[in-house]
Amino acid sequence: MTRSSQMHMVHMFFHSPITHTALSWANEDDGHLAGMASFAYWQDIARTLERGRFDAAFFADTPAASDQYRGSSDTPLKHGVVWPTHDPFPLAAVMTAATQHLGIGVTLSVTGNPPYLAHRRLSTLDYLSGGRIGWNIVTGHMQAEHKAIGQGLVPHDERYDMADEFMEICYALWDAYGEGALPMDKVSGVMAVPDRVKRLVHHGKYFQCEAVPATLPSPQGRPVIFQAGSSGRGMEFAVKHAEAIFAIQPHLAAMKRFREKFDKVAVEAGRDPIGILFGLQYVLGSTEAEANQRLSDLKERIPLDAGLSRLSAPLGVDCSTLDPDQPLEDVPTQASRGMAEALSQMAGDGRKITVRDAAIQMGLSVGLPQVVGSPEQVADQIETYWRESGGLGFNLSAPTKPGMITEFVDHVVPILQKRGIVRTDYEGTTLRDNITA
Ligand SMILES: Cc1cc2nc3c(=O)[nH]c(=O)nc-3n(C[C@H](O)[C@H](O)[C@H](O)COP(=O)(O)O)c2cc1C
């Protein structure tokens, strides 16, 4: 899937009180904390996104509270920073049940999930939804997740080797049905022709599986494969398997660089460039002043601790040990210079970014660039990002929910549609039909 003539949109969530903005759940405009406990709430969101002709809702998932900051999970618990972290799979079922076209991307890790059972869960959802499921394959980079499931953290590149083997099993199960394998004939009473259903016998380095598939194929045959790795090994994995890429790059120049690099890796691997969906957070108001007011209200609420805990992961240091007022670029990690540069560009004023500034920005958007303003201004900024990045589109994030999502669909999408860059109707019935259009 390469560049399309129209912009594709996915909306990002966790099944958790926040997506990216720390303490957004405590904002008076936010109904998400109460809502997320009910199927009806998620179904309303699904219908709203479908009205806005989104390709999909995407659920990120980190199934354990982070314990990297201060060596404990106290900060995520205290402030509700991606904790609680409920399973998104049931939401994919109810959200597709309430819609006809909207796809749902779910995240499932290759650690802690045997491939046969993962294939069965994903394929059951894809079958039930008429082929509207996408799978964000992750390798599980969080220590806390591994402690929770009682497995040691496998080294970074080896996790991708495991993921390759995991995919081999899934492909074999998806491809098991030969021509005429499923007569499902009431007269003869034959459901399947056994010798046309290939039994998988896999004894690999990481996984064992002997089985025929447990599920019937969906109209799209298999879920759409999403991936978000950005390391060398991550990109190698992505160009082997992914149909679209999720990426977070802090500003336009970084998006362009990332896209050019990924295109090169894909072409070197003998395939067409893969469509990239860049993360973008929108802060809308009916006027520019209202949007800026909303942004500063959100910013003011962010506890420094919550921001520092968000900053610890990308810097690879426990930020509780740092002086919040020291320049970020003086922090002795490889990551800090690049991040200081990126955050300075986000601030846009060439100022030296302190650890405190970086923490608050991470607490706000976790490195997603922000588009802030009236509907017209937000539409202008999104169009510029889309045209200049060369991406497939955006993985959008709203700081408060569900109201701001409705505002986006009612006030920004019609502008983008009028400009001819967002679809006015779906092209097909499966997620693959739509996201590849
Ligand atoms: C938009 C986006 C969404 C992601 N969602 C998840 C997720 O839900 N769960 C998870 O464990 N990792 C998630 N990741 C992390 C990636 O899967 C990957 O581990 C990370 O980008 C580092 O990849 P690398 O080690 O190849 O650089 C996400 C990354 C991005 C950019």
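All values reported here derive from a predicted model rather than from experimental measurement.

Asks: Describe the packing of helix 14 (residues 375-389) against helix 15 (residues 403-418), with residues and values.
Replies: With their axes 9 Å apart at the nearest point, helix 14 and helix 15 run at an angle of 55 degrees to one another. Viewed along their axes, helix 14 and helix 15 adopt a mutual orientation that is oblique. As for how helix 14 packs across helix 15, the hand of that crossing is right-handed. Contacts between helix 14 and helix 15 involve Pro375, Glu376, Val378, Ala379 and Ile382 on the former and, on the latter, Phe408, His411, Val412, Ile415 and Leu416. Here the contact of helix 14 with helix 15 is composed, by residue class, of 8 nonpolar, 1 polar and 1 charged.

Asks: Could you give me a rundown of the site of the ligand, with the residues and numbers involved?
Replies: Residues in close proximity to the ligand total 18 residues, the closest being Asp61, His156, Tyr160, Ala228 and Ser231. One of the side-chain N or O atoms of His156 is found 2.5 Å from an oxygen atom in the ligand. Within the side chain of Ser231, a nitrogen or oxygen atom sits 2.7 Å from an oxygen atom of the ligand. When the ligand sits alone it has 620 Å² of accessible area, and the protein chains cover 84% of it. Secondary-structure elements contributing two or more residues to the shell around the ligand are strand 4 (133-138), helix 7 (156-174) and strand 8 (244-247). Of the residues assigned to the shell around the ligand, the class counts are 7 nonpolar, 10 polar and 1 charged.

Asks: With reference to specific residues and values, describe the nonpolar core.
Replies: The biggest cluster of nonpolar side chains holds 81 residues, and the ones touching the most others in it are Met95, Trp135, Tyr282 and Phe408. Counting residues per element, this core draws most heavily on helix 7, at 9 residues. Not counting the four nearest positions on each side in its chain, Met95 is found in contact with Trp42, Ile45, Ala46, Ala57, Phe59 and Ile104. Counting 27 residues, the second-largest nonpolar core is a separate cluster that includes Ala244, Phe246, Leu431 and Ile435.

Criteria and thresholds
- Residues numbered from 1 in each chain as written.
- Predicted model: local features only at pLDDT ≥ 70, side-chain atom pairs only at ≥ 80, totals over all residues.
- Heavy atoms only, no water.
- Axes fitted to C-alpha atoms, helices over the stretch in contact; angles between N-to-C directions.
- Helix = DSSP H or I, 4+ residues; strand = E, 2+ residues; numbered from the N terminus.
- Parallel < 35°, antiparallel > 145°, perpendicular 65-115°, else oblique.
- Left-handed = near helix turned anticlockwise from the far one by under 90°.
- Contact = heavy atoms within 4.5 Å.
- Nonpolar A, V, L, I, M, F, W, Y, C, P; charged D, E, K, R; others polar.
- Near = heavy atom within 4 Å.
- Polar contact = N/O pair within 3.5 Å; in protein donor to acceptor, adjacent residues only side chain to side chain.
- Areas by Shrake-Rupley, 256 points an atom, 1.4 Å probe, with all protein chains shown as cover.
- Core = buried A, V, L, I, M, F, W, Y, C linked by side-chain atoms within 4.5 Å.
- Buried < 20%, exposed > 50% of the residue type's maximum accessible area, 1.4 Å probe, protein only.

Honestly, that's just the spatial picture; any functional story needs more than this.
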